[in-house]
Amino acid sequence: RRPRPRSHLVHSHSFRSHRRGLGRGLYMARAIFLDVDGVLNNTSDPTVSRQALDEGALWQLKALLEAVPDAKIILSSAWRLVAKMTRLLSQQLESFGIPSPVGATSVVGSSRVRLGETANLDKQIRMLAEQRANEILLAVKERRPRAWCAVDDLDLSPFIKDATFVRTDEKIGLDEAGRRAAEA
């Protein structure tokens, strides 16, 4: 199994270059579909709670939002499914001067993928990535952002083909390279 690279740009389109037809409906200017685990926290220190967000990753997210000031956060993380976690995230973001998410993706499919229910972990992770990508694509269709970016530690690239996708290393989280890729 190859080690995953640090955050990197998987597709070449960016906030500044990716334009979608606006049509007549409501739309948001730009959207950042944000995962939390492996993006705003990391697994580098197993003694630190996953609920504690990494200060370095928060600085990078804040810098991204300053570079793309009309971007809004849409939560695509599993944190969106637990009200307590969503509140905790909003509190931690706001204490850092980062606006709370304006919304969250819906759960797509008849049931959520649950890791550990079958023997093949790689297959489960791929199914989870496909589900996450489908949830993001549905939100894009519904919200119709002019431009968008997904930031996740899961490999969504097989399922998201025409947008900016930044994959983070779960041991590092969002770093400068990932931020620059998302804002390019």
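Just so it is clear, the structure is predicted and the values come from calculations on it, not from any experiment.

Visitor: Any chance you could explain the overall build of the protein chain here in plain terms?
Guide: Scanning the protein chain from N- to C-terminus turns up 4 helices and 6 strands. Reading the secondary structure of the protein chain in the N-to-C direction produces β-β-α-β-α-β-α-β-β-α. For the protein chain, buried positions account for 45% of its 184 residues. For the protein chain, long-range pairs separated by at least 24 residues make up 72% of all intrachain contacts whose partners lie at least 6 apart in sequence. Of the roughly 9700 Å² that the protein chain leaves accessible, carbon and sulfur atoms contribute 51%.

Visitor: What's the story with the pairing of strand E2 (residues 30-34) in this structure? I'm lost.
Guide: If a strand is regular, its side chains alternate between the two faces of the sheet. Of all 5 residues making up E2, 5 are buried, and the element is well covered by its neighbours. Judged by which residues are buried, E2 turns out to be covered on both faces: Arg30, Ile32 and Leu34 on one side and Ala31 and Phe33 on the other are all buried. One ladder, built from 5 bridges, connects E2 with strand E3 (residues 71-75); its direction is parallel. When the sheet's bridge partners are listed, Phe33 is paired in E3 with Ile74. Taken together, the 5 bridges between E2 and strand E5 (residues 147-152) define a ladder with parallel strand orientation. Of the residues in E5, the one forming a bridge with Ala31 is Trp148.

Visitor: Would you mind going over the pattern of salt bridges with me for this structure?
Guide: Pairing is possible between side chains of opposite charge, provided their charged atoms come close. Under the definition given, this model contains 9 salt bridges. For Asp35, the salt bridge is made with Arg132, and the minimal N-O distance between the two is 3.4 Å. One end of the pair, Asp35, is in the loop between E2 and helix H1 (55-67); the other, Arg132, is in helix H3 (residues 121-143), with 97 residues separating them in the sequence. Residue Glu183 pairs with Arg179 through a salt bridge whose shortest N-O separation is 3.2 Å. Pair noted here: Glu183 and Arg179 are both in helix H4 (residues 176-183), with a separation of 4 residues, about one helical turn. Taken as a pair, Glu183 and Arg179 share a single burial class, namely buried. One continuous salt-bridge network, built from bridges that share partners, spans Glu176, Arg179, Arg180 and Glu183.

Visitor: Any chance you could explain the environment of Ile73 here in plain terms?
Guide: Position of Ile73 relative to the elements: it lies in strand E3. Sequence separation between Ile73 and Ala31 is 42 residues; the distance between their C-alpha atoms is 5.9 Å. In this view, Ile73 contacts Ile32, Leu34, Leu61, Leu65, Ile98, Pro99, Pro101, Val102 and Gly103; residues no more than four positions away in its chain are not counted.

Visitor: So what exactly am I meant to see when it comes to the pairing of strand E6 (residues 164-167) here?
Guide: By the alternation rule, side chains of E6 split into Thr164 and Val166 and Phe165 and Arg167, which are all buried. As judged from the 4 bridges shared by E5 and E6, these two strands associate in the parallel manner. Looking at E6, one finds that Val151 is bridged to Val166.

Visitor: Quick question: what am I supposed to make of the nonpolar core here?
Guide: For soluble globular proteins, nonpolar side chains are generally found buried alongside one another. In terms of nonpolar packing, the biggest core is built from 27 residues, with Leu40, Leu61, Leu89, Ile98 and Val151 touching the most fellow members. For this core, the elements supplying multiple residues, two or more each, are E2, H1, E3, helix H2 (83-95), E5 and H4. The residues touching Ile98, leaving out its near neighbours within four places in the chain, are Leu58, Leu61, Lys62, Leu65, Ile73 and Leu93. Grouped together as the second largest cluster of nonpolar side chains are 17 residues, Leu128, Ala133, Phe159 and Phe165 included.

Visitor: Can you help me understand a nonpolar patch on the surface in this one?
Guide: Residues Leu81, Val82 and Val107 make up a contiguous nonpolar surface patch of about 200 Å² in total accessible area. Within the secondary structure layout, Val82 lies in the loop between E3 and H2. For Val82, a relative accessible area of 41% puts it in the partly exposed group.

Visitor: Would you mind showing me how to read H1 here?
Guide: Since the α-helix advances by 3.6 residues per turn, residues separated by three or four positions end up pointing in the same direction. Here H1 contains 13 residues, and its C-alpha end-to-end distance of 18 Å stays within 8% of the 18 Å for a straight helix at 1.5 Å per residue. Those residues of H1 that sit buried are Ala57, Leu58, Gln60, Leu61, Leu64 and Leu65. In a view along the axis of H1, the buried residues occupy a sector of 160 degrees, so they form one face of it. H1 presents Glu55 and Glu66 as exposed residues on the side facing more than 90 degrees away from its buried surface. At its buried positions, H1 is contacted by E2, E3, H2 and H4. The N-terminus of H1 is capped by Asp54, whose side-chain oxygen sits 3.2 Å from the backbone nitrogen of Gly56.

Definitions and limits used
Residues numbered from 1 in each chain as written. Predicted model: local features only at pLDDT ≥ 70, side-chain atom pairs only at ≥ 80, totals over all residues. Heavy atoms only, no water. Helix = DSSP H or I, 4+ residues; strand = E, 2+ residues; numbered from the N terminus. Buried < 20%, exposed > 50% of the residue type's maximum accessible area, 1.4 Å probe, protein only. Contact = heavy atoms within 4.5 Å. Areas by Shrake-Rupley, 256 points an atom, 1.4 Å probe, with all protein chains shown as cover. Pairing = 2+ DSSP bridges. Salt bridge = Lys/Arg side-chain N within 4 Å of Asp/Glu carboxyl O. Core = buried A, V, L, I, M, F, W, Y, C linked by side-chain atoms within 4.5 Å. Patch = residues over 30% accessible without salt bridge, like charges linked within 9 Å, V, L, I, M, F, W, Y side chains within 5 Å. Expected span 1.5 Å × (residues − 1). Arc of directions from axis to C-beta. Polar contact = N/O pair within 3.5 Å; in protein donor to acceptor, adjacent residues only side chain to side chain.

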